[in-house]
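Results of the structural survey
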Amino acid sequence: QLQFVESGGGLVQPGGSLTLSCAASGFTLENYAVAWFRQAPGEERERVSCISRSTGTGYYIESVKGRFTISRANTQNTVYLQMNNLKPEDTAVYYCAALSGFRMCQMSRPEDFENWGQGTQVTVSS
């Protein structure tokens, strides 16, 4: 199958940090833009961050700016999401997915993405 495998989630106290990993399986990461999404129970799936294919530029929603950092290691076929100063409202299942072609990831919708991973749970609680 062509998909991502997410890892690195867990239980952390408010103010703590986690690093999520998104490893590409069966395809070459350098050919895609990549986005991290999250989904809490009963809520819509939300794009949190994405990184472009050509320049490697990262994009973020306002609620995570200054706290989350997306990066790409093409030699390891992996994308990372460093999450600092975590808040209870960050609690969700986190997914990564790929965007093919030359579309801008920060302007794209969930249905435009492919090769979804199984997700990793992040819980922020004291």
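Our subject is the structure that appears above.
Structure report, in brief. Here the structure is a predicted model, which is why all the values come from computation and not from measurement.

Definitions and limits used
- Residues numbered from 1 in each chain as written.
- Predicted model: local features only at pLDDT ≥ 70, side-chain atom pairs only at ≥ 80, totals over all residues.
- Heavy atoms only, no water.
- Disulfide = S-S within 2.5 Å.
- Helix = DSSP H or I, 4+ residues; strand = E, 2+ residues; numbered from the N terminus.
- Buried < 20%, exposed > 50% of the residue type's maximum accessible area, 1.4 Å probe, protein only.
- Phe/Tyr/Trp six-rings, centres within 6.5 Å; stacked < 30°, edge-to-face > 60°.

Take the state of the cysteines next. When the sulfur atoms of two cysteines share a covalent bond, that bond is a disulfide. Across all of its chains, the model carries 2 disulfides by this definition. Two residues, cysteine 22 and cysteine 96, share a disulfide whose sulfurs are 1.7 Å apart. Where cysteine 22 bonds to cysteine 96 through sulfur, the torsion about that S-S bond is close to 90°, and the disulfide is right-handed. Of this pair, cysteine 22 sits in strand S3 (residues 18-25) while cysteine 96 sits in strand S9 (residues 92-99), and the two are 74 residues apart along the sequence. Of the two residues, cysteine 22 and cysteine 96, both sit in the buried class. Shown here is the disulfide that connects cysteine 50 with cysteine 105, its sulfur atoms set 2.2 Å apart. Across the S-S bond of cysteine 50 and cysteine 105 the torsion is about 80°, and the bridge reads as right-handed. Here the residue cysteine 50 occupies a position in strand S5 (residues 46-51), and cysteine 105 occupies one in the loop between S9 and strand S10 (120-124), the gap between them amounting to 55 residues. The same class applies to cysteine 50 and to cysteine 105, which are both buried. What links to what in the protein: the bonded cysteines, counted in sequence order, pair as 1-3, 2-4.

Per the stated rule, a full pass over the model turns up 5 aromatic pairs. Seen in terms of ring centroids, phenylalanine 27 and tyrosine 32 are 5.1 Å apart; in terms of plane orientation they differ by 80°. Their pairing is edge-to-face. Here phenylalanine 27 matches tyrosine 32 in class, with each residue buried. Note on phenylalanine 37 and tryptophan 116: the rings are 4.8 Å apart at their centroids and 50° apart in plane angle, and the pair reads as tilted. Of this pair, phenylalanine 37 sits in strand S4 (residues 33-39) while tryptophan 116 is found in the loop between S9 and S10, placing the two residues 79 residues apart along the sequence. Here tryptophan 116 falls in the partly exposed class, since its relative accessible area comes to 24%.

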